[in-house]
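Residues per chain, in single letters:
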Amino acid sequence: MPKRSSSVVGREFGNGVRKVIERTGLTQRRLAELLGWQEAKISDLLAGKGGCTETEVRELLAYCRAPVAEREHLLALFRESGKVWLQIPADGVPDQVRTLIEHEKEANEIICWSMILVPGLLQIHEYIEAVTAKAQTVSADNRAATVAARAARGKILEGSRKFTFYVHEQALWLPVGGLDVWRSQLVHLLQLSVRPYITIRIVPRSIGVHAGASGDFRLMRFPKYPSMVYVESLRCSLFFDDKETVDLYENVLKDLATVALDEAGSREVINSILEGLQ
């Protein structure tokens, strides 16, 4: 893996190697001395920037006595290349993959587009329960833990970062969990919409087809890393961080911004639907 800017798969690899090193009790400086490396070389490796050959990575992992399975997993990540990284989570719940959760925590700006459902970060607990109950990928035994984990992700909605949510009007009209849950979810959206760091903009049904019709996604921006796009399907997660792909999604967001209602108009739509449910 030649030295380059940090990528999603590169950071996943670097985090894994960091855990291997931490178990040895060695500092990065001491390990570099023992391997005959510059300390900056290990620093770049852990930051996901590469700069080492596969032989050198094998040497480091062997010196740190990484178990065979862990070593092969990290080497597979090291070899990973291309414009997209696909993950298939063992529990079959794409939006609970550790990579996504870690990047949500590190992002200083998150922009979501959702056509059918209220975006996950804005969902109340009862709404999450109703959606999870219908998910084909979540077994009854795992349902409670999945709901709790999804609800906990909402804790990142705080003022140290910026959030923008583009939501299709049809998502607000979908009765999830019965009338009481539907009503409570709309009230929750109104409460969140007045927070200065959260922007909720509704794309009205009246505009017809639009640039976002290809599907839901979220775009994350970071202080130190290139922007990343996350897309999920029933059993897999896709991470894109190449400029060409990210720019395509940026253009979709620009188009959505031109057709979406402003914040005040969006609150009016939510209020109107809510009043009809009284």
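Okay, so let's go over this structure. These numbers were taken from a predicted model, which means no experiment stands behind them.

## Some points on the environment of A151
Right, on to step 1. When you line up the elements, A151 lands in helix α8 (residues 143-152).
Right, on to step 2. A sequence separation of 23 residues divides A151 from I128, and the C-alpha atoms of the two residues are 7.2 Å apart.
Right, on to step 3. Excluding its chain neighbours within four sequence positions, the residues that come into contact with A151 are H125 and I128.

## Regarding the pairing of strand β3 (residues 162-168)
Right, on to step 1. Burial of β3 is extensive: 6 of the 7 residues sit out of reach of the surface.
Right, on to step 2. Bridge count for strand β2 (residues 109-114) against β3 is 6 bridges, and the pairing is parallel. In the strand pairing of β3, C112 is matched with F165.
Right, on to step 3. Bridge analysis of β3 against strand β4 (residues 198-203) gives 6 bridges, and the strand direction is parallel. What sits directly across from Y166, in β4, is R201.

## Details of the nonpolar core
Right, on to step 1. Grouped together as the largest cluster of nonpolar side chains are 39 residues, with contacts concentrated most on F165, L172 and L186.
Right, on to step 2. When residues of this core are traced back to their parent elements, those giving at least two are β2, α7 (125-134), β3, α9 (169-173), α10 (179-193), β4, β6 (228-232) and α12 (263-276).
Right, on to step 3. Ranked by the residues each element gives to this core, the list is headed by α10, at 6 residues.
Right, on to step 4. Those residues in contact with F165, other than ones at most four positions away along the chain, are C112, P119, L121, L122, L157, I198, T199, I200 and R201.

Criteria and cut-off values
Residues numbered from 1 in each chain as written. Predicted model: local features only at pLDDT ≥ 70, side-chain atom pairs only at ≥ 80, totals over all residues. Heavy atoms only, no water. Helix = DSSP H or I, 4+ residues; strand = E, 2+ residues; numbered from the N terminus. Contact = heavy atoms within 4.5 Å. Buried < 20%, exposed > 50% of the residue type's maximum accessible area, 1.4 Å probe, protein only. Pairing = 2+ DSSP bridges. Core = buried A, V, L, I, M, F, W, Y, C linked by side-chain atoms within 4.5 Å.

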